[in-house]
Each structure stands twice: as structure tokens, then as C-alpha cells.
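Examining the three-dimensional arrangement
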Amino acid sequence: MTFSEVIGQEEVRERLVQMVKEDRLPHAIMLCGPTGVGKKALAVAFASYLLGEDNAMVKKLEHPDLHFTYPTIKLPSMGSDHMPTSDDFAREWHELLMQSPYFGMDEWMNAIGAENQQAIITAGESDALVRKLSLKSSQGGYKVSVIWLPERMNIACANKLLKLIEEPPQQTVFLMVCEEPDKLLETIRSRVQRIDVKKISNEAIEQALVSRRGISEEQAHRIARLANGSWLKALEELQVGSENEQFLDLFIMLMRLAYQRKVRDLRKWSDTMAAFGREKQRRFLMFFLRMLRENFIYNFHNSDLVYMTQKEEDFARNFARFVNEANILPIYDLTNKAIRDIGQNANSKIVFFDFALQMIVLLIQK
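Residues numbered from 1 in each chain as written. Predicted model: local features only at pLDDT ≥ 70, side-chain atom pairs only at ≥ 80, totals over all residues. Heavy atoms only, no water.

This model, assessed by the stated rule, comprises 21 salt bridges. Residue aspartate 87 pairs with lysine 132 through a salt bridge whose shortest N-O separation is 2.9 Å. Note that aspartate 87 is positioned in the loop between β2 (66-69) and α4 (90-99) and lysine 132 in helix α6 (residues 123-134), a separation of 45 residues in sequence. Salt-bridge contacts for glutamate 245 lead to lysine 311; the nearest nitrogen and oxygen are separated by 3.5 Å. Here lysine 311 lies in helix α15 (residues 310-319) and glutamate 245 lies in helix α12 (residues 243-260), a separation of 66 residues in the sequence. (Salt bridge = Lys/Arg side-chain N within 4 Å of Asp/Glu carboxyl O. Helix = DSSP H or I, 4+ residues; strand = E, 2+ residues; numbered from the N terminus.)

Glancing now at the nonpolar core. In this structure, Ile29, Trp108, Trp148, Leu175 and Trp231 are the most contacted members of the largest nonpolar core, which totals 63 residues. Among the elements that line this core, the one with the most residues is helix α2 (residues 39-51), at 9 residues. The residues touching tryptophan 108, leaving out its near neighbours within four places in the chain, are Tyr70, Pro71, Phe89, Glu92, Trp93, Leu96, Phe103 and Trp148. Counting residues in each nonpolar core, the second largest holds 46 residues, with Leu250, Ile297, Leu334 and Leu362 among its members. (Core = buried A, V, L, I, M, F, W, Y, C linked by side-chain atoms within 4.5 Å. Buried < 20%, exposed > 50% of the residue type's maximum accessible area, 1.4 Å probe, protein only. Contact = heavy atoms within 4.5 Å.)

Taken in spatial order, the 5 strands make up an open sheet running β2-β3-β4-β1-β5, and their pairing is parallel. The strands lining the two open edges of the sheet, one partner per strand, are β2 and β5 (193-196). The sheet shows a mean angle of 20 degrees between the axes of neighbouring strands, direction not considered. In this structure, strand β1 (residues 28-32) lies alongside strand β4 (residues 172-178), joined through 5 bridges in parallel fashion. Across the sheet, cysteine 32 pairs through a bridge with cysteine 178, a residue of β4. Packing against the sheet, α2 makes contact with β1, β2, β3 (143-148) and β4, and its axis sits at approximately 165 degrees to β4. With respect to the sheet, α6 is in contact with β2, β3 and β4, its orientation differing from that of β2 by roughly 175 degrees. (Pairing = 2+ DSSP bridges. Axes fitted to C-alpha atoms, helices over the stretch in contact; angles between N-to-C directions.)

You will see that aspartate 23, though not glycine, has its phi angle at about 55 degrees, which is positive. Note that aspartate 23 resides in the loop between α1 (10-21) and β1. At leucine 61, a residue that is not glycine, the phi angle is positive and equals roughly 55 degrees. Tracing the sequence through the fold places leucine 61 in the loop between α3 (56-59) and β2. With relative accessibility at 10%, the residue leucine 61 sits in the buried group.

This part covers helix α17 (residues 348-363). The end-to-end C-alpha separation of α17 is 22 Å, in line with the 22 Å expected for 16 residues at 1.5 Å each. When α17 is considered as a whole, its buried residues turn out to be Ser348, Val351, Phe352, Phe353, Phe355, Ala356, Met359, Ile360, Leu362 and Leu363. On the buried face of α17, the contacting elements are α12, α13 (263-274), α14 (278-298), α15 and α16 (328-343). Among the residues of α17, the N-terminal cap falls to asparagine 347, whose side-chain oxygen and the backbone nitrogen of lysine 349 are separated by 3.0 Å. (Expected span 1.5 Å × (residues − 1). Polar contact = N/O pair within 3.5 Å; in protein donor to acceptor, adjacent residues only side chain to side chain.)

Contact geometry of α1 with α2 gives a least axis separation of 11 Å together with a crossing angle of 25 degrees. Our classification of the angle between α1 and α2 gives roughly parallel. As for the relative orientation of α1 and α2, their crossing is right-handed in sense. Contacts between α1 and α2 pair Val12, Arg13, Leu16, Val17, Val20 and Lys21 from the former with Leu42, Phe46, Tyr49 and Leu50 from the latter. Residues belonging to the contact of α1 with α2 are distributed by class as follows: 8 nonpolar, no polar and 2 charged. (Parallel < 35°, antiparallel > 145°, perpendicular 65-115°, else oblique. Left-handed = near helix turned anticlockwise from the far one by under 90°. Nonpolar A, V, L, I, M, F, W, Y, C, P; charged D, E, K, R; others polar.)

One pass over the full model with this rule turns up 23 aromatic pairs. With centroids separated by 4.1 Å and ring planes inclined at 10 degrees, the aromatic side chains of tyrosine 70 and tryptophan 93 adopt a geometry described as stacked. On the criterion of sequence distance, the pair formed by tyrosine 70 in the loop between β2 and α4 and tryptophan 93 in helix α4 is long-range, its members being 23 residues apart. Across the pair, exposure class does not vary: tyrosine 70 and tryptophan 93 are buried alike. Judged by centre distance (5.5 Å) and plane angle (80 degrees), the rings of tryptophan 93 and phenylalanine 103 are edge-to-face. Placement of tryptophan 93 in helix α4 and of phenylalanine 103 in the loop between α4 and α5 (105-111) is noted, with a sequence separation of 10 residues between them. Positioned above the aromatic ring of phenylalanine 103, the side-chain terminus of lysine 40 is 3.7 Å from the ring centre. Above the plane of the ring of phenylalanine 276 lies lysine 280, whose end atom (NZ or CZ) is 4.3 Å from the centre. (Phe/Tyr/Trp six-rings, centres within 6.5 Å; stacked < 30°, edge-to-face > 60°. Lys NZ or Arg CZ within 6 Å of the ring centre and 35° of its normal.)

So, about the environment of glycine 343. The topology assignment puts glycine 343 in helix α16. Separated by 229 residues in the primary sequence, glycine 343 and alanine 114 place their C-alpha atoms 16 Å from one another.

Listed below in C-alpha cells is the structure:
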């Protein structure tokens, strides 16, 4: 993959290349930013640049000095003492990456057949990485380690990786792709050069939609605005009957039932949510936060600030007034607590039923 395949992000591209040209390339770089802005694409393109874009093995992402680390799960077929590593899922990773580096955790979990598990990076992964990077470069140049979502490392893995970063093998470059840097050890964050990757410009998304997806400029303009800087979100908007349609129906149902104080029906709603996998539950809560924000902003009657689909806006027209200065922050806090509880494997039925019951009280605050 080359930089020309990255959507937008010219500023970060130039910064990375300039580091090499000026011979001031740090041994560890962390690309930080929200989902869908192209951090992984930048990392893969930069790794290809360092290893030689014209190299046939680099083009196929099969170069022996290019190593990928990513969250994994434990399959039923694995032994009780086996710690899953990236090598266990190398084929699935390579297939997905060759299709496009623009994918999120949801696509990755589907690719490896995960259902209700949390994907992490285990201590076995850091041991494997130490072995790989201790070998000399096969081509006499850089060895590049691309680590996707290092914040999902368990503590044992993080401590071992810290030692590796503190004393890196010769000519080794670590490229971390991170969405929640605050979850990383402070000692790791202090030893990497952080580069913040901003949202993709609407113009870049529009252009990519027209050139890569062949849609009209008018449709591309609407989708780019809804995408709000995320190529993954833009692709979602292209899909008919996307998950967001389901999430909107669940959002509307929750708000109506909470307003009507239908506790029995709210329990059924929470049972529906509990039946989803934890990754999907988390995505719904992130969608909920977006809808909360958009409905609050809708009250200011400035269309330039509102980023909603027509169906979302139709509901907001009558509902938005219930999201106001008195309850916006408490509802935000409640939602973030639910996200945290789900991430810590709390009983999802209890989490969502409590979430729904508290919404009854919060919606009537003025």
C-alpha cells in the first residue's frame, strides 16, 4: 500500500516522510485519533515506504521484516495453556488488510469468527514479537512493527512491550495505531512520539466517494457531511439497511418507553440489548452519545451544526426539546458509565435495565 491510497491526511503523510528525509525518525511512533480517519492506512503506507514500495513482497504485505500485532480471541480449538497471538489469525488479517486497511474492530471480529468475546493482545504476543525482532533484517534495512490498538494489551503484554521499546532492536521502528491512548501505560506513552490524526476533510471524503465508489457528487456531498470525518462512517452510509437504522429504532423505542414510564416494556428493551455481543452493545452506546449530542444541538436551530440523516432529523423535530442543559451532562455520564461497565464484562441485562430506568428520571428534567 502506498500513501496515494490514503484518503486525505496530507499533513501527516508529509510529516512522516520528512522525518525520514531529515534522518530524525523516532524508533516508536503512535498515531492517535478516532475510528475511521485512516490511522491504520497511514501506518501500513508508511511501513511500505520504509521497506520499499516497489518491493513485490511489500506490495503483497508479505515482507519478512514487516510484523503486525492486533487484538485476538481464544478459540475453542485452542489448548487451555495456549495464549493466542497474531500468528494464529495471520491469514484472516492479511485477507482483510489486502481488501482495504479501512476496517474497524467490528469487521475484524467478524473475520475471526468472534461472537461475545472481548479481543485483547496477550503476553504471548509480546513474547512472539521479541523473537521476531531479535532476528537481523532480512533485507538489510528497517524492521517495522505495526501494532493496531495497543490499548487492548493486557498488563503483562504492556510491561513486556515497554521493555522492548526502552531497548529496541537495531533499526526497528514501532508504529502504533491507537484510539484510546489514555488506556495505555503512561510509561509507554512517554516513550513514543505521538502524532494526532485529525478527522478527514469533507472534501477528501467527497472526492474518494466519487472516484472510488462511483457515486454522484450530490450524494457524495451529503454522505461526507454525515460521515463527520470518518471513512468508515461514509461506507456505512452507503450500505442499505445499515446497523445504524437498527440503532435508531432502538434509540427511539427507549426514549418513547422511558417518557411513557413503561417499566415492563423497558425490561424487554434491555433484554433485546443484552442479546447483542459486547462489541455491538458498545457501538450502540456510542451511537446513543451521537444522537444525544445531535438532538441537543438541534435545539439551536442552526442546520450547519446538525449532522443527522433525514430519519434521525424527523424524530429530533419533536424529541430534541427533551435533551437540554439540565440533563445533557447527566445522560452523558450515565452512558459513559454503561460503556465502561460493558467493557468490564458486567451483566449486560442489569446494565441496560438500569440505564433505561434512569432515563425515565433524566428525561423529565428541565
